[in-house]
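# Per-entry structural report
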Amino acid sequence: MKPVINHLLETDLYKFTMWQAMLHGHPEAQAEYQFVCRNQSEIPLAELLPEVNEQLDHLCTLAFRPEELTFLRSLRFMKSDFVDFLRIFRFQREFIEVTAVGRDLSIVAKGPQVHVMGFEIYVLAIVNELYFRRFDEKAALVEGRRRLAAKLDSVRAFGKLATRRHPFEFFDFGVRRRFSGAWHAEVTQRLRDEVPQYFKGTSNVHLARTLGLVPIGTMAHEYMQSFQSFGVRLRDFQKAALESWVQEYRGDLGIALTDVVGMDAFLADFDLYFAKLFDGLRHDSGDPVLWGEKALAHYAKLRIDPHTKRLVFSDGLSLDTAFKLYAQFADRVQMGFGIGTNLTNDTGLTTLGIVMKLTRCNGQPVAKLADTPGKIMCSDETFLAYLRQVFSVRKPVAS
């Protein structure tokens, strides 16, 4: 067996930042995460079952290495007790189960949240790489390198255009759906070497350490969703999550995710206090231009100078869509673009729309009401309806 995951740092930075916040604030929480493939795969994912189990067995033998823990300690927002926890941490195989359901895979991680939340990115990278090993790797990499060269040329050409008030900056957010770990490293290194004035970091903590890049990331949906089960009034879960984040990081990691119950409901909670404390907002569903205009209007309403804030876009981006969004907003607000699959798995093959999301916490369902209907995820329609009612979110009309 050729391992997909060789280092426990091969995951997104925000897994560590959320992990630390949960360990400090809610170490007793119990959670359940479920794997879903949103599109039809060319090869039945069920065929991967024995290999996925083998890879997970291997994952559960890994430990954080001394040099990796030293790197985490060097990040000023990582607390020493959390790094000490990681020093003795091991994934427990009993907390994750993989079965075949028809042509699909069912993967469920269930147990103490601080022991199961870390599985997500590794599981997605494992499924993705095992799947693409079934295709012609040589042909895929030839096409991938051709497309990467074209991307590099497009970034250089774009950089020669008239300078806007705020610079164009993009990051690699491609761990979970990459073609392979080796290809991910090659892409990231070329971006670092050839367009360093625009490429500013990676969410992959292992590559950040080995390539001397800035690790990028703050929070994901699971962090906000968890607070739907933490004993606060449901209407107040977003405020409770944001307040807890502020108390944990006290000025660091200041980009807030906006679409757990939709942008409008988020802004209703994102008052002057939070708008001043957080450095900016991250878009992950819905029309990005409409979202950006709403964000700027909200800052204007609160009399906050938008030039002091940052909008980060991360929803299925390509460089071309990033260029267009930059043209729309770059004279009005700082910007950043987290590009994933289009950087690390653009090889001419059809990609997988795989996710692994929190579905239950402390014995009750949790949900996100993303601004894109296809991204809504919940295992309980009754709770989903209640959440919509509480936040006055209309159910999307089927087209």
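Further up the page is the structure itself.
No experiment lies behind these values; they were computed from the predicted model shown.

Turning to the overall build of the protein, a few remarks are in order. In terms of regular secondary structure, the protein is built from 17 helices and 11 strands. A compact globule built from 399 residues would reach a C-alpha radius of gyration of about 21 Å, and the protein, at 20 Å, matches this within 12%. Viewed in the frame of its principal axes, the protein has a C-alpha envelope of about 60 × 55 × 50 Å. Among the 399 residues that make up the protein, the fraction classed as buried is 57%. The contacts of the protein with a sequence gap of at least 6 include a subset with a gap of at least 24, amounting to 78%. With an accessible surface of roughly 16,300 Å², the protein has 51% of that area assigned to carbon and sulfur atoms. Of the charged side chains in the protein, 50 are positive and 48 negative, and the gap between their average positions amounts to 4 Å.

Pairing is antiparallel in the open sheet, where 5 strands are placed in the order β2-β3-β1-β10-β11. In this open sheet, the two strands that pair with only one neighbour each are β2 (96-101) and β11 (364-365). Across 7 bridges, strand β1 (residues 30-37) lies against strand β10 (residues 354-361) in antiparallel orientation. Its bridge partner lying in β10, C37 is registered against I354.

What follows concerns the environment of S285. By the element assignment, S285 lies in the loop between β7 (280-283) and α14 (288-301). We classify S285 as buried; its relative accessible area is 1%. A C-alpha to C-alpha distance of 9.0 Å links S285 and T258, two positions 27 residues apart in sequence. Polar side-chain contacts of S285 include one of 2.6 Å to the side chain of D259.

A full pass over the atoms with the stated rule returns 28 salt bridges. With a closest N to O distance of 2.9 Å, R156 and D153 form a salt bridge. Taken together, the residues R156 and D153, both in helix α7 (residues 137-159) and 3 residues apart, mark about one turn of the helix. By relative accessible area, D153 is classed as partly exposed at 48%. D269 is paired through a salt bridge with R235; the nearest N and O atoms lie 2.9 Å apart. Separated by 34 residues along the polypeptide, D269 in helix α12 (residues 263-269) and R235 in the loop between α10 (221-226) and α11 (237-249) bring together distant segments of the chain. Connected via shared salt-bridge partners are D12, K15, E120, R176 and E222.

Reading the values: rules and limits
Counting from 1, residues in each chain are numbered in the order their sequence is written. The model is predicted, so local features are restricted to residues of pLDDT at least 70 and side-chain atom pairs to those at 80 or more, both for listing and for counting; the totals for chains, interfaces and linings are taken over all residues. Each side-chain value is derived from all of the structure's non-hydrogen atoms; neither hydrogens nor water enter the calculation. Working definition: helices are DSSP H or I runs of at least four residues, strands are E runs of at least two. Numbering for both runs from the N terminus. Here the radius of gyration uses the C-alpha set of atoms, whereas the globule reference equals 2.2 Å times the residue count to the power 0.38. Exposure classes here rest on a 1.4 Å probe applied to the protein chains alone. A residue is buried below 20% of its type maximum, exposed above 50%, and partly exposed in between. The contact criterion used is simple: two residues touch if any of their non-hydrogen atoms lie within 4.5 Å. Here, Shrake-Rupley sampling with a 1.4 Å probe gives the accessible areas, and only protein chains in the shown set may cover a residue. Counting rule for charge: Lys and Arg are taken as positive, Asp and Glu as negative, and neither His nor the chain ends is counted. In plain terms, the charge of a residue is placed at NZ if it is Lys, CZ if Arg, CG if Asp and CD if Glu. When DSSP finds two or more bridges between two strands, those strands count as paired. We define a polar contact as two N or O atoms separated by no more than 3.5 Å, with the added condition that, inside protein, one atom must be a possible hydrogen donor and the other a possible acceptor, whereas residues neighbouring each other in sequence contribute only through side-chain atom pairs. Whenever a carboxyl oxygen of Asp or Glu lies within 4 Å of a side-chain nitrogen of Lys or Arg, that contact is scored as a salt bridge.

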